[in-house]
Amino acid sequence: MSLADYDVVKPIGKGKFAVVYRAQRKSDGALVAIKKIAIDAMDQKARDKCLKEVRLLQSVHHPNIIEYMDSFIEGDELIIVFEWAAAGDLKRQIRKAQERKARFDERVIWKYFAQICDAIAHMHERRIMHRDLKPANVRGPHARARAAAAAARFRRGDCGRA
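Residues numbered from 1 in each chain as written. Predicted model: local features only at pLDDT ≥ 70, side-chain atom pairs only at ≥ 80, totals over all residues. Heavy atoms only, no water.

**A look at the layout of surface pockets**
Then, number 1: Empty space within the second largest pocket amounts to approximately 150 Å³.
Then, number 2: Around the second largest pocket sit Leu-90, Ile-94, Phe-104, Ile-109, Tyr-112, Phe-113 and Ile-116, which together line it.
Then, number 3: Contributions of two or more residues to the lining of the second largest pocket are made by α2 (90-99) and α3 (106-125).
Then, number 4: Per element, the largest residue contribution to the lining of the second largest pocket is four residues, and it comes from α3.
Then, number 5: Its residues assigned to classes, the lining of the second largest pocket shows seven nonpolar, no polar and no charged. (1 Å grid on protein atoms, 1.4 Å probe; cavity = no way out; pocket = protein on both sides within 12 Å on 5 of 7 lines; lining within 4 Å. Points joined across faces, edges and corners; volume = space filled by probe spheres on them. Helix = DSSP H or I, 4+ residues; strand = E, 2+ residues; numbered from the N terminus. Nonpolar A, V, L, I, M, F, W, Y, C, P; charged D, E, K, R; others polar.)

**With respect to the confidence of the model for the protein**
Predicted coordinates in areas of low pLDDT are best not read in detail.
Then, number 1: Chain-level pLDDT for the protein is 84 on average; 86% of the residues reach the 70-or-more range.
Then, number 2: Mean pLDDT across the elements of the protein bottoms out in helix α4 (residues 143-147) (37) and peaks in strand β2 (residues 18-25) (95).
Then, number 3: Here residues 142-154 scores under 50 on pLDDT; set against residues more than four positions off or in separate chains, the count is 35 contacts. (pLDDT = per-residue confidence, 0-100. Contact = heavy atoms within 4.5 Å.)

**Considering the sheet that holds β2**
Then, number 1: With antiparallel pairing, five strands are arranged side by side in an open sheet as β1-β2-β3-β5-β4. The two strands at the open ends of the sheet, each matched to only one other strand, are β1 (6-14) and β4 (68-74). Strand-to-strand twist in this sheet, taken as the mean axis angle between neighbours without regard to direction, amounts to 25 degrees.
Then, number 2: Where β2 and strand β3 (residues 31-38) come together, seven bridges link them in antiparallel fashion. The residue of β3 that forms the bridge with Val-19 is Lys-36. (Pairing = 2+ DSSP bridges. Axes fitted to C-alpha atoms, helices over the stretch in contact; angles between N-to-C directions.)

**Overview of a positive patch on the surface**
Then, number 1: Taken together, the side chains of Lys-45, Lys-49, Lys-52, Arg-55 and Arg-131 present a region of like positive charge at the surface.
Then, number 2: With respect to the helices and strands, Arg-55 occurs in helix α1 (residues 44-59).
Then, number 3: Residue Arg-55 is classed as exposed on the basis of its relative accessible area of 51%. (Patch = residues over 30% accessible without salt bridge, like charges linked within 9 Å, V, L, I, M, F, W, Y side chains within 5 Å. Areas by Shrake-Rupley, 256 points an atom, 1.4 Å probe, with all protein chains shown as cover. Salt bridge = Lys/Arg side-chain N within 4 Å of Asp/Glu carboxyl O. Lys, Arg positive; Asp, Glu negative; His and termini not counted. Charge placed at Lys NZ, Arg CZ, Asp CG, Glu CD. Buried < 20%, exposed > 50% of the residue type's maximum accessible area, 1.4 Å probe, protein only.)

**Quick notes on the nonpolar core**
Then, number 1: Ile-37, Met-42, Leu-78, Ile-80 and Phe-82 are the most contacted members of the largest nonpolar core, which has 16 residues in total.
Then, number 2: Breaking this core down by element, the ones donating at least two residues are β3, α1 and β5 (77-83).
Then, number 3: By residue number, the principal contributor to this core is α1, which donates four residues.
Then, number 4: Dropping the residues within four chain positions of it, Leu-78 is found in contact with Lys-35, Lys-36, Ile-37, Ile-39, Cys-50, Val-54, Phe-72 and Ile-73. (Core = buried A, V, L, I, M, F, W, Y, C linked by side-chain atoms within 4.5 Å.)

**Notes on the pairing of β5**
Then, number 1: The buried fraction of β5 is high, at six of seven residues.
Then, number 2: Following β4, the chain reverses through two residues before pairing antiparallel with β5; Gly-75 in that reversal takes a positive phi of roughly 65 degrees.

**Observations regarding the packing of aromatic side chains**
Any pair of aromatic rings gets described here by the distance separating the centres and the angle formed by the planes.
Then, number 1: Scanning all chains against the criterion turns up one aromatic pair.
Then, number 2: Between the aromatic rings of Trp-110 and Phe-113, the centroid separation amounts to 5.8 Å while the plane-to-plane angle is 85 degrees, which identifies the pairing as edge-to-face. Of this pair, Trp-110 and Phe-113 both sit in helix α3, separated by three residues, roughly a single helical turn.
Then, number 3: Overall, Trp-110 belongs to the exposed group, its relative accessible area being 52%. (Phe/Tyr/Trp six-rings, centres within 6.5 Å; stacked < 30°, edge-to-face > 60°.)

Now the structure itself:
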């Protein structure tokens, strides 16, 4: 795969070395998230950490963790492709609720909390520690789950590396 296999739609987030974009896979029209990491701006130690993150992402499979789909290097960038979380992140959902002066139902909060804990426990069982757990790194119910509202899940995104 290469970046030419995707239509990059718009940026949706930015970190120290990376920008995340909403994109559409040309082969089937599926929405994805593409993380572009500027590896040319990193020293060797930081590059090694990025490659370690990719190997880690490839090994983690859990219903409450955003699914890694692909990765490749193009030019001076490491490209990582993830499944798309249509509802955005928890930070955005909290902000929207505040704007509407609405509150989350307590049952919903406990359900999301349990799902987040389940994802973190899964990572810990594999001796993986998340180093940047915050609402912006918790993705909202993904498209498949939103289709069946009863199964809506929050999913862990961004493993806190790059």
